[in-house]
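# Structural features, examined
So you can see what is in the structure, the chains are spelled out below.
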Amino acid sequence: MASVTGLLCTWLLALALSAAGCVGLGAQHSYGHHTQAQIACAIGLCFVLATWVLAEVANFCAVGKSAKGTYTEAATTEPSPDVLGAAETGDAVSSPSRGEQGSATQRDFELSTEASFGSKLGASLVERLVPLRSGAELVVILAVLYLCDRTDFFPKAKKVYDPMQFWALWGCICIVALCTVRKLDNSKLLSREQTDEWKGWMQLMFLMYHYFAEKEVYNAIRVYIAAYVWMTGYGNFFLYRRGKSFTIRRTAQMLFRLNFLGFVMCILLNNEYMLYYICPMHTLFTLFVLLVMYLGQAFNGSVKVLWVKIVLTFLGTLFLYDGPDVVFRGIFGTVPGVRQLFSFHDPLHPEFKDELHEWHFRSGLDRFIWIVGMVFALHLPEAETAVARLTDMRGGKQILMQASVALLALSAGAAWVYFVFMQEKKSYNELHPYTSFVPITVYLILRNFTAALRSRYLWLFAYLGKVTLETYIFQFHIWMNAVSRLFLEKKNNRMGPHQVGAPMIAGLIIAWVMLVA
């Protein structure tokens, strides 16, 4: 293992190179001035990168040492050439003086102490190599995001509204996804693979909606966001009812997963937290589910008690969002440290003078759907029983029952489309909180009403569904400049000249970079 001096020199060199790269990237900054928080974040990231390099060097030295064998043991057991020569010629070997012995012993002790400390330090770094590699990967990703969003390195262009390109690209993606069908060993309702698939295809259309400014699918996008919130209520309720512990560690891990990347982006790019409103919205409703299940947890095995909890939760949510305005503002607008998190100043909509308007509007659109997800999770056993009975049917009876279920679901969906979905944006938003459960329920029925559908999933969409939070945040800084929230012109990043078909090609290239990251 390398000595302490060698490790220190390596770390200082890596830190100097990281700092030089950081300064060079910061010099390309084109929007505003760097804040103290941004500078502190950059310094911290340089330390992470330098420490990762040091760990890689220590690991390389450890691998090389193990390959060569325990040479130190051989060195201590072999006699020196002088002793061998004296033994062959019969000459006497002079003994060192007491002073020479003392200085040699002290020097050997210092060298052995340094080597021992260096070995321990190197071993400690090697043990932490995996998280340090993850940290270095994060540093590189953040550097790319900064390069795309806060510099003019890539040429910019306005969004291209082209429905033909939008739907053609979406059709091609669906064809590719159909080629990735995979079969499960079971046909359970709402398997993890199925929910990942669900999240994946919704997220992909959500990203394309932003990239192509395809305003015609706005109402559908609202439903997709509601589906994500539905899964927040469903998933957390399901886990806690199955006996998942209410530990501080698990809660902290969950909140960290929801907010870490958004928090880092706020510091690195000097953005407001509400730019990534998905993070605080899912955090709020996750905490609500946690609170509902934690209070009176000894009675969570009773369906009646859980229904009482759900009804009280609905009434509380109704009072929070639809009651006196002072209630909402009292919770989110007066508590120290809370107002700053939920405030948003949007120059794109200067007519909104209220800095809590964005939070009330965004979270209010899906204020009830997470409760519907809890209801689904509560009655999942009954749904599984009904599906099992349907599966056990044979012949024409099964086909007739499946056709009836599908027809009923399609009829409800058609009515929702006609009376709600076809409304213009403002009218639809008024109806959305009270009707978004209809398309979600219809989708779940049609996706699960046969065993063949339940036991198969599209791997491509399921893969995308595992990184929805990351792609949601990345799109603001790779596909679209988040400075659009600071300056009044919305832009897209482009990888090449603005030509016919260039937006699609650029989008595919950048999308691949996002997924690899």
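Structure: see above.
This is a predicted model, so every value here is computed, not measured.

### Observations regarding the overall build of the protein
Helices and strands together make up the secondary structure of the protein, namely 24 helices and four strands. Counting only residues that meet the buried cut, the protein has 42% of its 517 residues in that class. As displayed, the protein offers around 27900 Å² of accessible surface, 68% of which is attributable to carbon and sulfur atoms.

### Observations regarding the pattern of salt bridges
Oppositely charged side chains may form a pair once their charged atoms are brought near each other. In the structure shown here, the tally under the stated rule is twelve salt bridges. A salt bridge links R133 to E56; its shortest N-O distance comes to 2.7 Å. Taken together, the positions of R133 in helix 6 (residues 129-150) and E56 in helix 2 (residues 36-68) put the pair 77 residues apart, joining distant regions of the chain. Look at R133 and you get partly exposed, because its relative accessible area is 41%. The salt bridge involving R150 is made with D149; its shortest N-O contact spans 2.0 Å. No difference in accessibility class separates R150 from D149, as the two residues are buried. If you follow the salt bridges from partner to partner, you end up with R192, D196 and K199 in one network.

### Examining the packing of helix 6 against helix 23 (residues 468-477)
Two elements in contact, helix 6 and helix 23, have axes separated by 8 Å at closest approach and are oriented at 35 degrees. Counting all contacts with helix 6, which are made through I141, L145, C148 and D149, the residues of helix 23 involved are F474, F476 and H477. A class-by-class count of the residues in the contact of helix 6 with helix 23 yields five nonpolar, one polar and one charged.

### Topic: the side chain of R150
In this structure, R150 sits in helix 6. We classify R150 as buried; its relative accessible area is 2%. From its side chain, R150 meets the backbone oxygen of L269 in a polar contact 2.6 Å long.

### Here's the deal with the state of the cysteines
On inspection of all chains with the given rule, the structure shows zero disulfides. For the unlinked cysteine C22, the closest cysteine sulfur is that of C46, found at 4.1 Å. Accessibility expressed as a relative area gives 30% for C22, which makes it partly exposed. As a non-bridged cysteine, C174 has C172 as the owner of its nearest cysteine sulfur, 9.4 Å distant.

### Here we look at the nonpolar core
W198, W230, Y276 and F461 are the most contacted members of the largest nonpolar core, which has 98 residues in total. Per-element accounting of this core gives the leading share, 14 residues, to helix 9 (residues 218-241). A50, L125, L129 and L132 belong to the second-largest nonpolar core, a separate cluster that totals eleven residues.

### Brief notes about a nonpolar patch on the surface
Taken together, the side chains of V303, W307, V308, V311, L312, F314, L315 and L318 present a nonpolar region at the surface, about 660 Å² in accessible area. As for its placement among the helices and strands, L318 is situated in helix 12 (residues 303-322).

### Observations concerning the environment of L147
By the element assignment, L147 lies in helix 6. Sequence separation between L147 and Q28 is 119 residues; the distance between their C-alpha atoms is 8.1 Å. Ignoring any residue separated from it by four or fewer positions in sequence, one finds L147 in contact with L25, F153 and F154.

### Section: unusual backbone geometry
Even without being glycine, L190 reaches a positive phi, approximately 50 degrees. Looking at the secondary structure, you find L190 in the loop between strand 2 (181-183) and helix 8 (192-212). L190 sits in the buried class, given a relative accessible area of 15%. Of note in the backbone geometry, A213 takes a positive phi value of approximately 55 degrees without being a glycine. Position of A213 among the secondary structure elements: in the loop between helix 8 and helix 9.

### Looking at the packing of aromatic side chains
On inspection of all chains with the given rule, the structure shows 30 aromatic pairs. With 5.8 Å between their ring centres and 40 degrees between their planes, F368 and Y434 make a pair best called tilted. A residue pair is termed long-range when its members are at least 10 positions apart, and F368 in the loop between helix 15 (357-365) and helix 16 (369-378) and Y434 in helix 19 (residues 425-435) qualify at 66 residues. For F368, a relative accessible area of 6% puts it in the buried group. You can call Y434 partly exposed: its relative accessible area is 43%.

### Focus: helix 7 (residues 163-178)
The terminal C-alpha atoms of helix 7 lie 22 Å apart, and with 16 residues this matches the ideal 22 Å at 1.5 Å per residue to within 8%. In this structure D162 caps helix 7, since a side-chain oxygen of it lies 3.2 Å from the backbone nitrogen of M164.

### Things to note about helix 19
Within the sequence span of helix 19, burial applies to Y428, N429, H432, P433 and T435. Where helix 19 is buried, its residues meet helix 9, helix 15, helix 18 (395-421) and helix 20 (437-448). For helix 19, the capping residue at the N-terminal end is E424, with a side-chain oxygen 3.1 Å from the backbone nitrogen of K426.

What counts as what
Residues numbered from 1 in each chain as written. Predicted model: local features only at pLDDT ≥ 70, side-chain atom pairs only at ≥ 80, totals over all residues. Heavy atoms only, no water. Helix = DSSP H or I, 4+ residues; strand = E, 2+ residues; numbered from the N terminus. Buried < 20%, exposed > 50% of the residue type's maximum accessible area, 1.4 Å probe, protein only. Areas by Shrake-Rupley, 256 points an atom, 1.4 Å probe, with all protein chains shown as cover. Salt bridge = Lys/Arg side-chain N within 4 Å of Asp/Glu carboxyl O. Axes fitted to C-alpha atoms, helices over the stretch in contact; angles between N-to-C directions. Contact = heavy atoms within 4.5 Å. Nonpolar A, V, L, I, M, F, W, Y, C, P; charged D, E, K, R; others polar. Polar contact = N/O pair within 3.5 Å; in protein donor to acceptor, adjacent residues only side chain to side chain. Disulfide = S-S within 2.5 Å. Core = buried A, V, L, I, M, F, W, Y, C linked by side-chain atoms within 4.5 Å. Patch = residues over 30% accessible without salt bridge, like charges linked within 9 Å, V, L, I, M, F, W, Y side chains within 5 Å. Phe/Tyr/Trp six-rings, centres within 6.5 Å; stacked < 30°, edge-to-face > 60°. Expected span 1.5 Å × (residues − 1).

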